[in-house]
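Reading the structure
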Amino acid sequence: TNIILLGPPGAGKGTQAHKLVAERGMVQLSTGDMLREARTSGTEMGKRVAEVMDRGQLVTDDIVIGLIEEKLDTVKAPGFIFDGFPRTLKQADALGALLERHGQTLGAVIEMKVDDEALVSRITGRFTCGDCGAVYHDVTHPTKVAGVCDACGSTNLKRRADDNEVSLRTRLMEYYKKTSPLVGYYYHAHLLSSIDALASVETVADEIAKVLDKAG
Ligand code: AP5
Ligand code: ZN
């Protein structure tokens, strides 16, 4: 089944998507990861995207809808996890139309609820593996050996340019202005489940598993 992980920056979308990929063989479609890949390509589009992302603003709908469309056209999966997409009502409408065109449906939209206080420390302590994408945190989830990824042994551990307090404030404002209306949108589509994302990674994973099992 296909699901959306909906939540503000730092809610744990990427962390949980990674677990679902490892445990259920689902495929993660993170528009944030796709955009970060595009910016390393050095193309004009990549450069423009980089500036917008580093400020913490949303990239234009057409760009991200195009990225998702390309994946749905080319990737086969037992289930997609939409991570960080859709983020606007226009993107939500576009996703509905794209899924329909591919003969697919949405099984559930999981709203990951957190309070803003927790987000600052989660975001400013985050680092990720540049090779396998594993997500860590200085305090709550350090690597077992300092500087070495637990999952793949890489020493290419990185911090994101937008993971500072100033950009985070903008990202949160963008979330409340443009993305949070999707909560009502999916509630009325009878797809919304809200979970407490302040709980431990394992507890959150259990809650998501319950929603997935119910969605079939
Ligand atoms: P994106 O990459 O999607 O970033 P985001 O939404 O800001 O979300 P994050 O990746 O910051 O957080 P997360 O929820 O995945 O948390 P994580 O699991 O890492 O987007 C980046 C930018 O790209 C946007 O600002 C925008 O410019 C652009 N963009 C992307 N998609 C777009 C779209 N559709 N339209 C327009 N523009 C778009 O966890 C965070 C930290 O907390 C980690 O250190 C982790 O270890 C820790 N943690 C996780 N869970 C727990 C837990 N339960 N307990 C304790 N610590 C935890
Ligand atoms: Zn790794």
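Residues numbered from 1 in each chain as written. Chains lettered and ligands numbered in written order. Predicted model: local features only at pLDDT ≥ 70, side-chain atom pairs only at ≥ 80, totals over all residues.

**Considering the overall build of the chain**
Scanning the chain from terminus to terminus reveals nine helices and eight strands. Over its C-alpha trace the chain gives a radius of gyration of 17 Å, about what one expects of a compact globule, namely 17 Å for 216 residues. Taken over the C-alpha atoms alone, the chain extends approximately 45 × 40 × 35 Å along its principal axes. The 216 residues of the chain split such that 32% are buried. Restricting the contact set of the chain to residue pairs at least 6 apart, pairs at least 24 apart contribute 73%. (Helix = DSSP H or I, 4+ residues; strand = E, 2+ residues; numbered from the N terminus. Rg over C-alpha atoms; globule rule 2.2 N^0.38 Å. Buried ≥ 20, exposed ≤ 12 C-beta atoms within 10 Å, placed from the backbone. Contact = placed C-beta atoms within 7 Å.)

**Some remarks on the sheet that holds strand S2 (residues 27–30)**
The strands making up a sheet are joined through hydrogen bonds of the backbone, oriented either antiparallel or parallel. Reading across from one edge, S2-S3-S1-S4-S8 is the order of the five strands in this open sheet, with parallel pairing throughout. Strand pairing shows two members of the sheet lacking a second neighbour, S2 and strand S8 (192–196), which therefore form its edges. Taken over all neighbouring pairs, the strand axes of this sheet differ in orientation by 25° on average, direction set aside. Direction of pairing for strand S1 (residues 3–6) relative to strand S3 (residues 80–83): parallel, over a ladder of three bridges. Looking at S3, one finds that isoleucine 4 is bridged to phenylalanine 82. In the packing of helix H9 (residues 201–215) onto the sheet, the strands contacted are S1, strand S4 (108–113) and S8, and the crossing angle to S4 comes to about 160°. (Pairing = 2+ DSSP bridges. Axes fitted to C-alpha atoms, helices over the stretch in contact; angles between N-to-C directions.)

**Considering the packing of helix H2 (residues 31–40) against helix H3 (residues 44–55)**
Orientation of H2 relative to H3, taken along the N-to-C sense of each, is 125°, at an axis distance of 7 Å. Relative to H3, the element H2 is oriented oblique. The two elements H2 and H3 cross, and the hand of that crossing is left-handed. Between H2 and H3, the residues in contact are Leu35, Ala38 and Arg39 and Met45, Gly46, Val49, Ala50 and Met53, respectively. (Parallel < 35°, antiparallel > 145°, perpendicular 65-115°, else oblique. Left-handed = near helix turned anticlockwise from the far one by under 90°.)

**Some thoughts on the site of ligand 1**
The environment of ligand 1 is formed by 36 residues, the closest being Pro9, Gly12, Gly14, Gly32 and Gly84. Of all the secondary structure elements, the ones that give two or more residues to the shell around ligand 1 are helix H1 (13–24), H2, H3, helix H6 (116–124), strand S6 (135–137) and H9. Of the residues assigned to the shell around ligand 1, the class counts are 14 nonpolar, 16 polar and six charged. (Near = placed C-beta within 6 Å. Nonpolar A, V, L, I, M, F, W, Y, C, P; charged D, E, K, R; others polar.)

**Remarks on the UniProt feature "binding site: Zn(2+)" (unreviewed entry) in the chain**
As annotated by UniProt and renumbered to match this structure, "binding site: Zn(2+)" (unreviewed entry) occupies Cys129, Cys132, Cys149 and Cys152. Spatially, the listed residues are clustered: although they cover 24 residues, their C-alpha atoms lie within 8.6 Å of one another. With sequence-adjacent residues up to four places away left out, cysteine 149 is seen in contact with Cys129, Asp131, Cys132, Ala134, Thr143, Ser154 and Leu157. Examined against the element boundaries, cysteine 152 turns out to sit in the loop between S6 and strand S7 (157–158). Among the residues examined, cysteine 152 registers 12 C-beta atoms within 10 Å and is labelled exposed. (UniProt positions renumbered as here; feature names shortened; annotations may be inferred.)

**Regarding the nonpolar core**
One recurring pattern in soluble globular proteins: nonpolar side chains tend to sit buried together. Leu5, Ile81 and Ile110 are the most contacted members of the largest nonpolar core, which totals 30 residues. Residue assignment for this core shows that the elements contributing at least two residues are S1, H1, helix H4 (61–74), S3, helix H5 (89–101), S4, helix H8 (181–188) and H9. Look past the residues within four positions of isoleucine 81 in its chain and what remains in contact with it is Ile3, Leu5, Ala17, Leu20, Met26, Val27, Gln28 and Leu29. Core analysis: the next-biggest nonpolar cluster, separate from the first, contains five residues, Met34, Leu35, Val49 and Met53 among them. (Core = buried A, V, L, I, M, F, W, Y, C linked by C-beta atoms within 7 Å.)

**Digging into unusual backbone geometry**
Between phenylalanine 85 and proline 86 the backbone carries a cis peptide bond, its omega angle lying at -5°. By the secondary structure assignment, proline 86 is in the loop between S3 and H5. The backbone of histidine 190 sits at a positive phi, close to 60°, despite the residue not being glycine. As for its placement among the helices and strands, histidine 190 is situated in the loop between H8 and S8.

**Side note on helix H7 (residues 165–179)**
In this model H7 runs 20 Å from its N-terminal to its C-terminal C-alpha over 15 residues, within 8% of the 21 Å that 1.5 Å per residue would give. Taken residue by residue, H7 has Leu168, Arg171, Tyr175 and Thr179 as its buried positions. Mapping the buried residues of H7 onto a view down its axis gives an arc of 60°, with all of them on the same face. For H7, exposure combined with an orientation more than 90 degrees from the buried face picks out Val166, Met173, Tyr176 and Lys177. Residues of H7 that are buried in the fold lie against H6 and H8. (Expected span 1.5 Å × (residues − 1). Arc of directions from axis to C-beta.)

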